[in-house]
Amino acid sequence: QKEVEQDPGPLSVPEGAIVSLNCTYSNSAFQYFMWYRQYSRKGPELLMYTYSSGNKEDGRFTAQVDKSSKYISLFIRDSQPSDSATYLCAMSAVRSSSASKIIFGSGTRLSIRP
Amino acid sequence: EAGVTQFPSHSVIEKGQTVTLRCDPISGHDNLYWYRRVMGKEIKFLLHFVKESKQDESGMPNNRFLAERTGGTYSTLKVQPAELEDSGVYFCASSPHEGTTNEKLFFGSGTQLSVL
């Protein structure tokens, strides 16, 4: 079983829709949760970062973590064509970069139709 | 400010040949990471440098892979001899100082390696 599971999609929604992207994980030691956005032929770019359970909002993006269910979500409101990209969840058990190994999900390909 | 730069962007080689990938991190970043994504799979950690020292190389698949970071600046990842299963996208990432939080990673655009 993979440590992090993510539906690869593709997911296609009309412009303006609310998008929900999700990941599940099996390692209860994970405490730091991230969402990366990756445009075609580019590297991943950090979008959201959360610690432990709860919600975090940044503009049109909201990240949710439910540690009891081992489930994390990224919501995109008022989706735009420029949001079309692959979204990767990632998580880590430790914070210090000297001991860190981030575990990535396989990514969900999202397409926003104008 | 320049981001993380990787060379080449694409490399096509034959099985048994040698390939060297280069990564120039953001100037002043002590931490440098190599990751790899093979087709259809998730991005996986290969190794971590702090300045010129290998901090963690537990993700390196085998001894055909050799990473160096000269003078704590740029890094190279050499695959010798390359095998078919080495094909994938190799990402480099950097972050500021030793001991800072791991979420502040800046990724390069990657090198697409195809071994035929």
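This text follows the structure it describes.
Described below are features of the structure shown in this document. Worth saying up front: this structure is predicted, and the values here are computed from it rather than measured.

## Overview of the sheet that holds strand 7 (residues 65-69) of chain B
Residues and elements named next belong to chain B. Sheet architecture is open: four strands sit in the order 1-3-8-7, paired in antiparallel fashion. Edge positions in the sheet fall to strand 1 (5-7) and strand 7, since each has one partner strand and no second. In this sheet, neighbouring strand axes are inclined to one another by 15° on average, regardless of whether the strands run parallel or antiparallel. For strand 1 and strand 3 (residues 19-24), the ladder comprises three bridges, and the chain directions are antiparallel. Each residue of the ladder has a partner; that of Q6, found in strand 3, is C23.

## Concerning the sheet that holds strand 6 (residues 54-58) of chain A
All names here are of chain A. On the basis of which strands lie adjacent, the open sheet formed by five strands has the order 1-3-8-7-6 and antiparallel pairing. Each end of this open sheet is capped by a strand with a single partner; those strands are strand 1 (4-6) and strand 6. Recorded for the sheet is a direction-independent mean angle of 15° between the axes of neighbouring strands. Where strand 7 (residues 61-66) meets strand 8 (residues 71-76), six bridges bridge the pair, whose relative direction is antiparallel.

## Details of the state of the cysteines
For the coordinates displayed, the defined rule picks out two disulfides over all chains. Paired by a disulfide, C23 of chain A and C89 of chain A hold their sulfur atoms 2.0 Å apart. An S-S torsion of about -100° defines the bridge between C23 of chain A and C89 of chain A as left-handed. Here C89 of chain A lies in strand 9 (residues 85-92) and C23 of chain A lies in strand 3 (residues 19-25), a separation of 66 residues in the sequence. You can call C89 of chain A buried: its relative accessible area is 0%. Covalently, C23 of chain B is tied to C92 of chain B through a disulfide, its sulfur atoms 1.9 Å apart. Across the S-S bond of C23 of chain B and C92 of chain B the torsion is about -65°, and the bridge reads as left-handed.

Analysis parameters
- Residues numbered from 1 in each chain as written.
- Chains lettered and ligands numbered in written order.
- Predicted model: local features only at pLDDT ≥ 70, side-chain atom pairs only at ≥ 80, totals over all residues.
- Heavy atoms only, no water.
- Pairing = 2+ DSSP bridges.
- Helix = DSSP H or I, 4+ residues; strand = E, 2+ residues; numbered from the N terminus.
- Axes fitted to C-alpha atoms, helices over the stretch in contact; angles between N-to-C directions.
- Disulfide = S-S within 2.5 Å.
- Buried < 20%, exposed > 50% of the residue type's maximum accessible area, 1.4 Å probe, protein only.

Spatial relationships are all this shows, so hold off on functional conclusions.
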